[in-house]
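Tertiary structure, described
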Amino acid sequence: MQIILCESAEHVGVRAADIIEARVRQGPAVLGLATGGSPKSTYQELIRRHREEQLSFGQVTAFTLDEYAGLPPGHEQSYYSSIRREFTDHVDLPLGQLITPQGDAPDLVTEAERYDAAIVAAGGVDVQILGIGANGHIGFNEPTSSLASRTRVKTLAGATRADNARYFPEGDVPRLCLTQGLGTIREAKLAILVAMGENKAAAVQAMVEGPVSAHCPASVLQLHRRAVIILDPGAASQLSMQEYYREAQEFNDQLDRSPTRPWL
Ligand code: GLP
């Protein structure tokens, strides 16, 4: 794991965008996109680079992480609508290259299997962007999710539904979802997790410094060959080894100049 400590949410977005840009400029790329508040500063920075620095997403295929069950893609709160609103509608990624699980598919089990197979058929995800839930979930893999799980139907935890209730003014937060599994996410060639705010600090500490455990699903990233964790001061506040992470980052930044290995 590489831990990058940043001074602000905006700085988190810049560091994440640096890594994504380096990969996208290399040629055709498969990105994994998370929704939610955490990646917003990353998407805003990528949109800025698209507008001002000719960063093109024309050769990118994007797979989203998860989707609420029962919501058609056009529903305002679907993650399909959300990722379009927050990111893809503002860059030149062709709409046909934005791929999401169909939350309103008649057979969700088959849809989950189809989605998992589509990721494999695309050659796998090159760079997966992740947020983390306050209970340690990534995607919608709630605590006790199998560390080997594939894309499947999950029941949302009460805490997650409460966290996301702010997006559903009618109070009708779905109970089920489709989510890439922890085993699926682990296959991404590079995983970037961004987190900000003190309400994520305990989950971040468990993910980075706790045991690998289904109790904190994000801790599966300890088994990932290339996971980069980018944090603002609030999200990093419970980490016990901050001094080491800073030293390592200063050294890594000196090595970061190679455009082919931006995530050293
Ligand atoms: C949501 C999403 C996750 C997201 C997480 C944190 O429920 N399924 O992909 O990373 O919870 O959300 P936020 O970034 O808004 O705090």
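Below or above, wherever it landed, is the structure these notes cover.

Cut-offs used in this document
- Residues numbered from 1 in each chain as written.
- Predicted model: local features only at pLDDT ≥ 70, side-chain atom pairs only at ≥ 80, totals over all residues.
- Heavy atoms only, no water.
- Pairing = 2+ DSSP bridges.
- Helix = DSSP H or I, 4+ residues; strand = E, 2+ residues; numbered from the N terminus.
- Axes fitted to C-alpha atoms, helices over the stretch in contact; angles between N-to-C directions.
- Near = heavy atom within 4 Å.
- Polar contact = N/O pair within 3.5 Å; in protein donor to acceptor, adjacent residues only side chain to side chain.
- 1 Å grid on protein atoms, 1.4 Å probe; cavity = no way out; pocket = protein on both sides within 12 Å on 5 of 7 lines; lining within 4 Å.
- Sits in = over half its atoms within 2 Å of the grid points.
- Points joined across faces, edges and corners; volume = space filled by probe spheres on them.
- Nonpolar A, V, L, I, M, F, W, Y, C, P; charged D, E, K, R; others polar.

1. Overview of the sheet that holds strand β7 (residues 152–155)
The strand order across the open sheet built from three strands is β4-β8-β7, with neighbouring strands paired in antiparallel fashion. Each having just a single partner strand, β4 (66–68) and β7 make up the two edges of the open sheet. Ignoring strand direction, the axes of neighbouring strands in this sheet form an average angle of 30°. The pairing of β7 with strand β8 (residues 176–179) spans four bridges and is antiparallel. Across the sheet, residue Lys154 finds its bridge partner in β8, namely Cys177.

2. Looking at the site of the ligand
Around the ligand, a shell composed of 15 residues is seen, among which Gly37, Ser38, Asp66, Phe140 and Lys200 lie nearest. Note that an oxygen atom of the ligand is positioned 3.0 Å from one of the side-chain N or O atoms of His137. Contacts to the ligand include Lys200, whose side-chain N or O atom sits 2.6 Å from an oxygen atom. For the ligand, the cavity whose grid points lie within 2 Å of the majority of its atoms is the largest pocket.

3. A word on the layout of surface pockets
Taken as a whole, the largest pocket spans an internal volume of roughly 620 Å³. Lining the largest pocket are 32 residues, and of these Thr35, Gly36, Gly37, Asn164 and Arg166 sit closest to its centre. Of all the secondary structure elements, the ones that give two or more residues to the lining of the largest pocket are β4, α3 (79–86) and α5 (158–164). The element contributing the most residues to the lining of the largest pocket is α3, with four residues. Among the residues forming the lining of the largest pocket, the class breakdown is 12 nonpolar, 13 polar and seven charged.

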